[in-house]
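Observations on chain architecture
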Amino acid sequence: MIDAPIWVLAAMGLAIVLLGLMLWNNLREREFTVKMPDIDSFEEALLSIAGMTRSIVQDGNHGEIFHDGDGFFPLLLREIAAAKESVHYETYVWWRGDICRQVADALAARAREGVEVRLMLDAVGAFTMDRRLRRRMRAAGCKVAYYHPLRVRDVGQLNKRTHRKIAIFDGRTAIVCGHGVAKEWTGAGQDRKHWRDTGVRLRGPIVNAVQSVFAQHWVEETEEVLVGEKYFPHLEPEGTMRMHMLSGAPLGGISDLELLFKMSIASACRELWIQNPYFIPDDESCELLDRAVRRGVDVRVMIPGPVSDSALVKHAAHHHFGDLLRRGVRLYEHQKTLVHQKIVIVDGTWSHVGSTNLDDRSFDINEEAGVGIVDEGIAAELRKAFERDLESCVELQCETWCERSVWHRMLDGACYLLSGQL
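Predicted, not measured: the structure shown is a model, and the values here were computed from it.

Re the nonpolar core
Within the largest apolar cluster, 47 residues are counted, with the highest numbers of intra-cluster contacts made by L272, F279, L289, F321, L331 and W350. Counting residues per element, this core draws most heavily on helix α7 (residues 256–267), which supplies seven residues. Each residue touching L289, except ones within four places of it in the same chain, is listed here: I265, L272, F279, V299, L324 and V329. Formed by 42 residues, the second largest nonpolar core is a distinct cluster that contains L76, I80, Y89 and W195.

Given below as structure tokens:
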């Protein structure tokens with residue numbers, strides 16, 4: 001009579017251990033090494049990078065860079081007002097501020113006039129959204145959906161969020177950026193309450209690729225399939241820029257986004273400039289950056305300084321700063337505001353703009369979106385913006401950095417242990 005409960009408990013304990021091992025194996029990040037041969041130019045690696053990350057390089061596109069809220073919101077509102085058939089918008093952040101009402105009213109106005117408006121919001125990122133705005137948009141005819149809503153049946157998906165920021169208008173114009181809808185993104189990045197960010201307006205065949213990215217989550221959450229010329233029109237060339245659209249949809253194994261950025265680092269021949277608010281490199285990335293410096297590449301990374309929206313992320317990022325500085329990577333901390341843009345510029349030729357942070361959460365958990373642009377003019381414009389931002393930066397020095405307190409080092413190391421979820 002006593003043995004039965006013991007065997008039941010033993011079986012339950014074994015089942016829990018096995019389930020725990022299965023969960024750990026499913027969630028743990030696979031380690032891999034990027035091995036690139038010596039090349040004479042980034043151009044030689046481009047098609048391989050695009051092919052390996054399942055993105056197609058398309059000709060005949062045009063891109064226009066915009067900065068901060070002063071560049072983004074007027075553009076967004078103009079495109080919404082000009083749309084005749086459809087507006088599709090996916091974003092992670094929809095917080096508070098008068099700009100939230102302005103965007104909601106603009107979407108509602110178009111819906112009332114017969115334009116198909118589809119808005120995909122992340123259930124966590126838009127959790128603080130004013131419900132009155134949501135009701136107003138739906139009453140006007142907007143279709144508003146949430147990615148991975150907070151409900152019991154989706155408990156296994158709660159950690160996986162859409163961090164994408166994309167908009168498509170009539171299937172012919174698109175925006176890819178890092179901006180959220182909140183008062184923090186208004187203004188010109190002039191102080192700690194108004195953040196810096198960067199995006200790009202796209203025209204040409206690449207817009208169909210951006211529409212495809214939006215359609216992924218829309219069909220997943222609403223079961224509505226976007227089919228036809230209305231959504232995917234035949235797009236004539238609009239310029240001479242080559243572009244490739246990449247979306248992160250982690251399914252296990254090697255992340256396309258991680259592969260993209262690591263191959264980009266490995267392929268840089270002259271210059272590699274990065275701006276990113278959540279820069280938490282792993283050991284492999286540090287080794288690739290070291291190799292780049294030893295090849296003679298000018299490697300510069302700009303990250304937030306005193307103004308940050310996450311002390312945890314900031315300290316986790318610090319963990320490898322000493323190693324990077326010793327290896328010759330130049331690190332700059334922006335002092336005035338949060339630099340939220342996610343920019344990579346390689347050899348003054350290829351640039352990447354989008355929502356992807358250089359951390360494990362963006363690589364292996366969240367859904368992201370970004371566009372690679374092969375154009376010297378775009379690269380030069382982003383490079384000039386980087387140089388302007390340098391005026392508000394302090395460059396970290398190896399000697400000074402390595403003298404930081406023991407407590408600071410311990411805090412950095414402890415936070416880095418959580419980097420798989422940051």
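This is not the end of the story, as more comes after the structure.
Overview of the pattern of salt bridges
Side-chain pairs of opposite charge can arise whenever the charged atoms involved come near each other. Using the criterion set out here, one finds 30 salt bridges in the structure. We note a salt bridge from R294 to E287, for which the minimum N-O separation is 3.5 Å. Owing to a relative accessible area of 32%, E287 belongs among the partly exposed residues under this scheme. D290 is paired through a salt bridge with R294; the nearest N and O atoms lie 3.1 Å apart. Of the two residues, D290 and R294 both sit in helix α8 (residues 283–294), four residues apart, roughly one turn of that helix. Its relative accessible area of 12% is what places D290 among the buried residues. When its relative accessible area of 57% is taken as the criterion, R294 is described as exposed.

Observations concerning unusual backbone geometry
Glycine aside, residues mostly have negative phi angles, and peptide bonds mostly take the trans form. Its identity is not glycine, yet D170 carries a phi of approximately 55 degrees, on the positive side. Along the chain, D170 falls in the loop between β5 (166–169) and β6 (173–177). Take D170: its relative accessible area is 15%, and that puts it in the buried class. Here D347, not a glycine, exhibits a phi torsion of approximately 55 degrees, which is positive. Locating D347 in the fold gives a position in the loop between β12 (343–346) and β13 (350–354).

Some words on α8
With 12 residues, α8 extends 17 Å between its outermost C-alpha atoms, agreeing within 8% with the 16 Å of an ideal straight helix rising 1.5 Å per residue. Among all positions in α8, only E284, S285, C286, L288, L289, D290 and A292 are buried. In this structure, the buried side of α8 is in contact with α7, β9 (271–275), β10 (298–304) and α10 (321–327). Immediately beyond the C-terminal end of α8, within one or two residues, lies G296, with a positive phi of roughly 95 degrees.

Remarks on helix α4 (residues 98–112)
In this model, α4 (15 residues) spans 21 Å end to end at C-alpha, consistent with the 21 Å of a helix rising 1.5 Å per residue. Buried residues of α4: I99, C100, V103, A104, A106, L107, A108, R110 and A111, and no others. On its buried face, α4 sits against α3 (68–82), β2 (86–91), β3 (116–122) and α5 (131–140). Of the residues one or two after α4, G114 is the one with positive phi, at around 100 degrees.

Considerations on the environment of L396
Here L396 is to be found in the loop between β15 (393–395) and α13 (398–401). Among the residues examined, L396 registers a relative accessible area of 12% and is labelled buried. In this structure, the C-alpha to C-alpha distance between L396 and Y332, residues 64 residues apart in sequence, is 6.0 Å. Ignoring sequence-local partners within four residues, the contact set of L396 consists of F321, L325, L331, E333 and W401.

Comments concerning the packing of helix α9 (residues 311–318) against helix α14 (residues 406–416)
Where α9 contacts α14, the two axes come as close as 7 Å, and the packing angle between them is 105 degrees. By the angle between their axes, α9 is roughly perpendicular relative to α14. Contacts between α9 and α14 involve L312, H315, A316 and H318 from the first element and H408, L411, D412, C415 and Y416 from the second.

Some details on the environment of K183
Summarising the element assignment, K183 is placed in the loop between β6 and β7 (198–203). Remark: the alpha-carbon pair of K183 and G97, spanning 86 residues in sequence, is separated by 4.8 Å. Apart from residues no more than four positions distant in its own chain, K183 is found in contact with R96, G97, I99, K193 and H194.

Examining the pairing of β5
Residues I166 and I168 point to one face of β5 and A167 and F169 to the other, with burial holding for every one of them. As defined by bridge partners, β2 adjoins β5 across four bridges and the pair is classed as antiparallel. Of the residues in β5, the one forming a bridge with V87 is F169. For β5 and β6, the ladder comprises four bridges, and the chain directions are antiparallel. In the strand pairing of β6, I166 is matched with V176. Count of turn residues in the β5/β6 antiparallel hairpin: three residues, of which D170 carries a positive phi of about 55 degrees.

Some words on the packing of aromatic side chains
Tallying each qualifying case throughout the model produces 10 aromatic pairs. Seen in terms of ring centroids, W185 and W195 are 5.0 Å apart; in terms of plane orientation they differ by 75 degrees. Their pairing is edge-to-face. Taken together, the residues span a long stretch of sequence, with W185 in the loop between β6 and β7 and W195 in the loop between β6 and β7 at a distance of 10 residues. Judged by centre distance (6.1 Å) and plane angle (35 degrees), the ring pair of F261 and F363 falls under tilted. Here F261, found in helix α7, pairs with F363, found in helix α11 (residues 360–364); they are 102 residues apart in sequence, far enough to count as distant. The exposure classification of F261 matches that of F363, with both residues buried.

The rules behind these values
- Residues numbered from 1 in each chain as written.
- Predicted model: local features only at pLDDT ≥ 70, side-chain atom pairs only at ≥ 80, totals over all residues.
- Heavy atoms only, no water.
- Core = buried A, V, L, I, M, F, W, Y, C linked by side-chain atoms within 4.5 Å.
- Buried < 20%, exposed > 50% of the residue type's maximum accessible area, 1.4 Å probe, protein only.
- Helix = DSSP H or I, 4+ residues; strand = E, 2+ residues; numbered from the N terminus.
- Contact = heavy atoms within 4.5 Å.
- Salt bridge = Lys/Arg side-chain N within 4 Å of Asp/Glu carboxyl O.
- Expected span 1.5 Å × (residues − 1).
- Axes fitted to C-alpha atoms, helices over the stretch in contact; angles between N-to-C directions.
- Parallel < 35°, antiparallel > 145°, perpendicular 65-115°, else oblique.
- Pairing = 2+ DSSP bridges.
- Phe/Tyr/Trp six-rings, centres within 6.5 Å; stacked < 30°, edge-to-face > 60°.

The quantities given are spatial measurements derived from coordinates; they are silent on function.
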